[in-house]
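Structure at a glance
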Amino acid sequence: MQQKPASLLTGLCFVIFGFIGQAEAQSMNRQTLNARQQAIVPIAAFTARGDLDKLKGALNEGLDAGMSINEIKEVLVQMYAYTGFPRSLNAINTLIAVLEERQAKGISDKTGEKPADFSDKNKYNKGRKTLETLSGRKETKLTGANAFAPAIDEFLKEHLFADIFGRGLLTHQERELATISALSALDGAEPQLNAHKTIGKNAGLTETQINELSKIVQGGQKSIYPRGNRAPAEWFSGVVWLNSLASPAETEGLYSIGQVTFEAGGRTHWHTHPIGQILLCTEGKGWYQERGKPARALQKGDVVVIPKEVEHWHGAAADSQFVHIAITNNKDGNAVTWLNPVTNEEYGRF
Ligand code: MN
C-alpha cells in the first residue's frame, strides 16, 4: 500500500528528468545559433547601445528571418527592464519606421500571435492619473510607440507612474529631477529629455535650476585622460583645459598630441598650423570653423582634418562641454600661429 505512491513518484521523476535530459542533449548537439536566435542578438544589443542605424539593419534581418512583428516588439519591450524606457521607446519607434519602409517596398510582414494580457486596469488608471498630473495634460488617445506597443504604455503607467511614483519618500519634483539628470547623462535620449524638461517645469523646476543640473551632469563626465591644466588665457576664451599626451621632445620634434577640454562656450582664438592638425572628437558638442566658411557642428566620433596655413578656430557649443584630442604637426619647431580672439559676435553668429 505504501509503496504505490513512492513508485509513482519515482516514475514521475523519471519522466521529468528523462525529459530534461533529452532537451539538454538537444541543445548540446546544436553548436551554433539558429537564424531566429541570430536575429534576436543584434536587435537586443543595438537597442541597449542606442545605435538606431545598426538596429534598423538588425530589425530588417529579424523580419527576413521570419520573426513576426509581435515577437520583435516583445524583445524591444523586454529591453525596457534592462536598458530603460528611453532605449526601449527609441527602438520601438525605429521598428515603426522600418515597417513603414518595408511596406513602401511592398514587403508584407506577418503580425503574429498576440501576447498574453496581464494588464492591471486599476493600477494603469492610477499611473495614468499621476502622469496627467505631472504633465498637466489629459491623455485622450495613445499615439506613436504607446499605440503601436500597448505593453510599453502599460509598463510605463503601471510600473513607473503607479508602482514607483506611488511609493512616496521623494516628491514628484525630486523624482523628475532624478529622471532629467539620468536622461542628461544618457546619449541618444534627447526626445525623452525634452519631454521630461517640460514635465519638470510643470512640477515647479525653473529653467535656471534645469541649466544648473545640466552643468553638474556634464562636470561629472569622466574623460579618457585627466583634463590637465588651464589653457593660457592669451590664446583661449572661456574655460579651457589642456593635457599634453606626447610632446615634440618625445617625437623627434615632428608632432605633438594633446587633449583639450572646452567648458560650454570655451574656444580657441583664430589660428593657423604650418603643417595642419587633426582633431579626434571624444566627448560633448562643439564647433570648427575656417575663416569665411560656415561653422561645422562637431560631436563625439567626428574627425577634423585641418589643412596647413588655414585660419580657423575650434571650441565647445554654447550649451555643452566639448573634448577633442589634437594631433599637431611641427615645422621648424613651430606648431601654431595665434591670431585674434573669436568675438562673441563671431561665436554667436550660427
Ligand atoms: Mn587648430
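So, here is what we can say about the structure in this document. (Residues numbered from 1 in each chain as written. Predicted model: local features only at pLDDT ≥ 70, side-chain atom pairs only at ≥ 80, totals over all residues. Heavy atoms only, no water.)

So, the overall build of the chain
Across its full length, the chain holds 13 helices and 12 strands. Relative to the compact-globule value of 20 Å for 350 residues, the chain shows a C-alpha radius of gyration of 28 Å, a clear excess of over 25%. Principal-axis analysis of the C-alpha atoms places the extent of the chain at approximately 100 × 55 × 50 Å. Excluding contacts between residues fewer than 6 apart, the proportion of contacts in the chain whose partners are at least 24 apart in sequence is 69%. Surface exposure of the chain reaches about 20900 Å², of which carbon and sulfur atoms provide 55%. (Helix = DSSP H or I, 4+ residues; strand = E, 2+ residues; numbered from the N terminus. Rg over C-alpha atoms; globule rule 2.2 N^0.38 Å. Contact = heavy atoms within 4.5 Å. Areas by Shrake-Rupley, 256 points an atom, 1.4 Å probe, with all protein chains shown as cover.)

Here we look at the coordination of the manganese ion
Taken together, His 271 (NE2), His 273 (NE2), Gln 277 (OE1), His 312 (NE2) and His 314 (NE2) make up the protein donors of the manganese ion, found 2.2 Å from the metal. The sequence motif formed by the donor residues of the manganese ion is H-x1-H-x3-Q-x34-H-x1-H. Within this pair, whereas Gln 277 is found in strand S7 (residues 277–290), its partner His 314 is found in strand S10 (residues 312–316), the two being separated by 37 residues in sequence. Note on accessibility: Gln 277 and His 314 belong to one class, buried. (Donors = N, O, S within 2.8 Å, 3.2 Å for Na, K, Ca; no water. Buried < 20%, exposed > 50% of the residue type's maximum accessible area, 1.4 Å probe, protein only.)

Section: the packing of aromatic side chains
Scanning the model with the defined rule gives 7 aromatic pairs in all. Plain terms: the ring middles of Trp 235 and Trp 338 are 5.5 Å apart, the flat faces sit at 5 degrees to each other, and that makes the pair stacked. In this pair, Trp 235 is assigned in the loop between strand S1 (229–230) and strand S2 (236–237) and Trp 338 in strand S12 (residues 337–338), connecting sequence segments 103 residues apart. On the accessibility criterion, Trp 235 (32% relative accessible area) is partly exposed. With relative accessibility at 23%, the residue Trp 338 sits in the partly exposed group. Taking NZ or CZ as reference, Arg 267 lies 4.3 Å from the ring centre of Tyr 347, over its face. (Phe/Tyr/Trp six-rings, centres within 6.5 Å; stacked < 30°, edge-to-face > 60°. Lys NZ or Arg CZ within 6 Å of the ring centre and 35° of its normal.)

Here we look at helix H4 (residues 69–78)
The buried fraction of H4 amounts to 7 of the 10 residues, a majority that puts the element mostly inside the structure. Looking at H4, one finds that the buried residues are Ile 69, Asn 70, Ile 72, Lys 73, Val 75, Leu 76 and Val 77. Among the structural elements, helix H2 (35–49), helix H3 (52–64), helix H5 (80–83), helix H6 (85–104), helix H8 (144–148) and helix H9 (150–164) are those in contact with the buried residues of H4.

Here we look at the nonpolar core
Residues Ile 43, Leu 59, Ile 72, Leu 76, Ile 92 and Ile 152 are the most contacted members of the largest nonpolar core, which totals 32 residues. Mapped onto this core, the elements with two or more residues apiece are H2, H3, H4, H6, helix H7 (121–135) and H9. Looking at which element gives the most residues to this core, the answer is H6, with 7 residues. If we skip the residues at most four places from it in the chain, Ile 152 touches Val 77, Tyr 80, Phe 85, Ser 88, Leu 89, Ile 92, Ala 145 and Asn 146. Counting residues in each nonpolar core, the second largest holds 14 residues, with Ala 231, Val 240, Ile 306 and Phe 322 among its members. (Core = buried A, V, L, I, M, F, W, Y, C linked by side-chain atoms within 4.5 Å.)

Here we look at the packing of helix H10 (residues 172–184) against helix H11 (residues 190–202)
In the contact formed by H10 and H11, the axes pass within 9 Å of each other and the chain directions differ by 155 degrees. By the angle between their directions, the pair H10 and H11 is classed as roughly antiparallel. In the packing of H10 onto H11, the handedness of the crossing is left-handed. Residue-level inspection shows Glu 176, Thr 179, Ile 180, Leu 183 and Ser 184 of H10 in contact with H11, the latter providing Gln 192, Leu 193, His 196, Lys 197, Ile 199 and Gly 200. Partitioned by chemical class, the residues of the contact of H10 with H11 number 4 nonpolar, 5 polar and 2 charged. (Axes fitted to C-alpha atoms, helices over the stretch in contact; angles between N-to-C directions. Parallel < 35°, antiparallel > 145°, perpendicular 65-115°, else oblique. Left-handed = near helix turned anticlockwise from the far one by under 90°. Nonpolar A, V, L, I, M, F, W, Y, C, P; charged D, E, K, R; others polar.)

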